[in-house]
Structure formats: structure tokens, C-alpha cells
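Notes for the structure review
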Amino acid sequence: MSQPPSPPSRRDVLVAGLGAALLSPLTHAAQPVPKPTMLTRPIPKSGEALPVIGLGTWQTFDVGASPAERAPLKDVLQRFLDSGARLIDSSPMYGRAERVVGDVLAQLPDAPRPFLATKVWTTGKEAGLEQLETSVRDMGRGRMDLLQVHNLVDWRTHLPVLREWKAQKRVRYVGITHYQKSAFPELERLLKEETLDFIQLPYSLTDREAEKRLLPAAAANGVAVLVMQPFATGDLFSRVKGRALPEWAREFDCDSWAQFFLKFILGHPAVNCPLPATSNPRHVADNVRAGFGRMPDAKTRERMARVLDT
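Here we look at the overall build of the chain
When you go through the chain residue by residue, the secondary structure sums to eleven helices and ten strands. Relative to a compact globule of 310 residues, whose C-alpha radius of gyration would be 19 Å, the chain shows 21 Å and is just as compact. Based on the C-alpha atoms only, the size of the chain along its principal axes is roughly 75 × 45 × 40 Å. By residue count, 51% of the 310 residues in the chain fall in the buried class. Here the contacts in the chain between residues at least 6 apart in sequence split such that 76% fall between residues at least 24 apart. Accessible surface for the chain amounts to roughly 14600 Å². Of this, 53% is attributable to carbon and sulfur atoms. When the 41 positive and 34 negative side-chain charges of the chain are each reduced to one mean point, those points stand 3 Å apart.

Structural data, given as C-alpha cells:
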């Protein structure tokens, strides 16, 4: 869904002059080049710093157990975590994705600790509890950072359970999700009336409906925003196929269309983390680079939006 990447760039550093180094070799010893770190934004309810690029798993992690199917995903997760990114999002709705995430992470024992997020997607309290236990076991190996009610399915039953789990420290955050615009009024109402830590919603360069009411409501109520469908399910790449990236994209440290689309989203101050899904190691290496460098301001974002009109 994204463009082929090049390796992450390093920031330039100043080098001490040769003459000064010769005069004071001990005080001007060469220093290691600092590795740039991914930008973070605070989770409003806690202040915890969350890296700004996440990883979705819909379709991409629903694979079998063969080494040929799992190897690219191991590479994806390794590159993702090595970049400084942390949030991995899944759901029981995504077939085998939760178990695959858990299995592959178990093969990366030295990788940085991920921020694991999944959902409950069923009706009834007992069915919900069973599903939650399975998700935590399969994906989180006993732990989970964020649990969400998927597409608001039976949310009146599940939200109290998620809050109980949070009180018991079985999960750190709770939230809600929905992909349909017809659900936006209810999402907005819940943002205002319920105590939530996260909301996940669709938002992209060509789908800006969330800007009207949902993003302001999330900001006003201290709710972190995760973004699904940041590439409009691939439509954005179709629309720029064969077109060169604008030269002025360099002004906000952008060198691919994938980064262009992700930085547009991150240019909105209410957004914490878009969740591009991929099973391609080259694509994840490109996606995570959107989390580094400068971000577009409001004026530049409007200029970005007009690119697709030409």
C-alpha cells in the first residue's frame, strides 16, 4: 500500500575542526553520531509518550504457520520496533492476526517492548470475556496495553468490563472504534459522555469528515486518537500513480507518497497515531520514516490536500 523505501536517514552533526582536535585531542574526541528518535505525542489521560506511527494488522497478518508466510512478518515487526515505533493494533475480527502477532513477537525476545492494542467484537458479557481472555493469551501472552470495543458492538455491555479490567490493572487503557461515518454522531456522544482513553476512526487526505466534529471532541475531552485507513484502503496510491512527489514536500522532511499521506494526518494536533497495515518489510520501513523530522502546519496541509485536485 506504500511506496518502496530507502533506509532511514540520519541527522547531520557538526564535526570539530581538525586544528582544534589536534590541539586538544582529549577534549575533542570523536563522539558517536546520535540516532534520531521517532516523534511521540502524549496520551492525554496519562501523559505517556506514544510514538506517532503504529501498525495495523487487518488482512496483512491473517496468515498460516509456514515459515514462508511468517518470515516477512517477522521482518516487518523487527523493522517497526527497531525504528522506535511501538503500537500494534489487531482484533478477533482479523482472522488469525492476533495469534500471528503473538507468535512472531515471541521470536523477537530482544526487540523493544511493543504497545499492544486489540478489541472485543462480539455480543454478550460471557462471550466478550471469553474473547478478551483469548486475545490477551494469544496476542499479548498475558498482557495488553489497550482494549477497544470494535465498531461499538454491544458497547454498553463491554465498556464496563473493560473498565473493570483497567481497575484490576489487567489492561492500561480502554477505547472505542468505528469505521462508518454513520456512526460518527454516536462516537461523538460517547466521547462526551463516557470516560475513554482512546478512539479509533477513519481519517485520510481524502476522507476528512472526522475533522468536523470528532477530532475536536476528542481533543476537548482528552481522548487519544488512532487513525485507521490512513491510505484510504489504497485509493490514495492509485490517485498518485505515476506522479512525482512535489518538491516542496522536502520542507517537512518527506520523501515518499506514503510519508506524505501519513504526515498529512499527523499534521492535525488531535491525532496521536495512524495505523498503516502492511506485510511488506520495505513498506513498513517507508511508513515509519513519517514519524521523523518536521510536520506540516495547517497552511501546508491545505496545500497538500489540493495536490489531488490537480
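Next, the rest of the story.
Section: helix 10 (residues 281–288)
Taken across its eight residues, helix 10 has seven buried, putting it largely inside the fold. Three or more residues of helix 10 are buried, namely Pro281, His283, Val284, Ala285, Asp286, Asn287 and Val288. Packing partners of the buried residues in helix 10 comprise strand 3 (55–56), helix 2 (67–82) and helix 9 (257–266). For helix 10, the capping residue at the N-terminal end is asparagine 280, with a side-chain oxygen 2.8 Å from the backbone nitrogen of arginine 282.

Quick word on the side chain of aspartate 197
In this structure, aspartate 197 sits in the loop between helix 6 (184–193) and strand 8 (198–202). Judged by relative accessible area, which is 2%, aspartate 197 ranks as buried. Side chain to side chain, aspartate 197 and lysine 166 meet in a polar contact 2.9 Å long. Excluding residues within four positions of it along the chain, aspartate 197 makes contact with Lys45, Lys166, Arg172, Tyr173, Val174, Val223 and Ala224.

Let's talk about the environment of glycine 222
Topologically, glycine 222 is positioned in the loop between helix 7 (214–220) and strand 9 (224–228). Expressed as a C-alpha distance, the spacing of glycine 222 and lysine 192, which sit 30 residues apart in the sequence, is 9.9 Å. Those residues in contact with glycine 222 that lie beyond four places of it in its chain are Pro44, Lys45 and Leu196.

Remarks on unusual backbone geometry
Even without being a glycine, aspartate 154 presents a positive backbone phi close to 50 degrees. With respect to the helices and strands, aspartate 154 occurs in the loop between strand 6 (146–149) and helix 5 (155–167). One non-glycine residue, aspartate 253, lies in the positive phi region at around 55 degrees. Mapped onto the secondary structure, aspartate 253 falls in the loop between helix 8 (235–239) and helix 9.

Focus on the packing of helix 4 (residues 125–138) against helix 5
Two elements in contact, helix 4 and helix 5, have axes whose closest approach is 10 Å; the angle formed by their N-to-C orientations is 45 degrees. Taken as axis vectors, helix 4 and helix 5 run oblique relative to one another. The two elements helix 4 and helix 5 cross, and the hand of that crossing is right-handed. Between helix 4 and helix 5, the residues in contact are Lys125, Gly128, Leu129, Leu132, Glu133 and Val136 and Thr157, His158, Val161, Leu162 and Trp165, respectively. Considering only residue class, the contact of helix 4 with helix 5 consists of six nonpolar, three polar and two charged.

Here's the deal with the confidence of the model for the chain
Detailed reading of predicted coordinates is not advised where the pLDDT is low. Across the chain, pLDDT averages 91, with 90% of residues at or above 70. With pLDDT under 50 throughout, residues 1–28 is counted as low confidence; its partners more than four residues away or in other chains account for 39 contacts.

What to know about the environment of isoleucine 176
Counting through the fold element by element, isoleucine 176 comes out in strand 7 (residues 173–177). On the accessibility criterion, isoleucine 176 (0% relative accessible area) is buried. The sequence separation of isoleucine 176 and valine 227 amounts to 51 residues, and the corresponding C-alpha distance is 12 Å. Here isoleucine 176 is in contact with Gln148, Val149, Leu152, Leu159, Leu187, Leu190, Leu196, Phe198, Ile199 and Gln200, once residues within four sequence places are set aside.

Here we look at the nonpolar core
Counting 82 residues, the largest nonpolar core has Phe61, Ile176, Ile199, Tyr203, Leu205, Phe260 and Phe261 as the members making the most contacts within it. If one sorts the elements of this core by residue count, helix 9 sits on top with eight residues. Counting residues in each nonpolar core, the second largest holds twelve residues, with Ile43, Ala117, Leu146 and Ala224 among its members.

Quick look at helix 5
Between the first and last C-alpha of helix 5 there are 18 Å, a value that for 13 residues agrees with the 18 Å anticipated at 1.5 Å per step. Restricting attention to buried positions, one finds in helix 5 the residues Trp155, His158, Leu159, Val161, Leu162 and Trp165. Relative to the axis of helix 5, the buried residues are bounded by an arc of 165 degrees and lie together on one face. Residues of helix 5 that are exposed and point over 90 degrees away from its buried face: Arg156 and Ala167.

Notes on the pairing of strand 6
The alternating pattern of strand 6 places Leu146 and Gln148 on one face and Leu147 and Val149 on the opposite face, and all of these are buried. One ladder, built from four bridges, connects strand 5 (residues 115–120) with strand 6; its direction is parallel. The partner of alanine 117 across the bridge, within strand 6, is leucine 146. Handedness of the crossover joining strand 5 and strand 6 through helix 4: right-handed.

Reading the values: rules and limits
- Residues numbered from 1 in each chain as written.
- Predicted model: local features only at pLDDT ≥ 70, side-chain atom pairs only at ≥ 80, totals over all residues.
- Heavy atoms only, no water.
- Helix = DSSP H or I, 4+ residues; strand = E, 2+ residues; numbered from the N terminus.
- Rg over C-alpha atoms; globule rule 2.2 N^0.38 Å.
- Buried < 20%, exposed > 50% of the residue type's maximum accessible area, 1.4 Å probe, protein only.
- Contact = heavy atoms within 4.5 Å.
- Areas by Shrake-Rupley, 256 points an atom, 1.4 Å probe, with all protein chains shown as cover.
- Lys, Arg positive; Asp, Glu negative; His and termini not counted.
- Charge placed at Lys NZ, Arg CZ, Asp CG, Glu CD.
- Polar contact = N/O pair within 3.5 Å; in protein donor to acceptor, adjacent residues only side chain to side chain.
- Axes fitted to C-alpha atoms, helices over the stretch in contact; angles between N-to-C directions.
- Parallel < 35°, antiparallel > 145°, perpendicular 65-115°, else oblique.
- Left-handed = near helix turned anticlockwise from the far one by under 90°.
- Nonpolar A, V, L, I, M, F, W, Y, C, P; charged D, E, K, R; others polar.
- pLDDT = per-residue confidence, 0-100.
- Core = buried A, V, L, I, M, F, W, Y, C linked by side-chain atoms within 4.5 Å.
- Expected span 1.5 Å × (residues − 1).
- Arc of directions from axis to C-beta.
- Pairing = 2+ DSSP bridges.
- Right-handed = clockwise from strand over helix to strand, strands pointing away.

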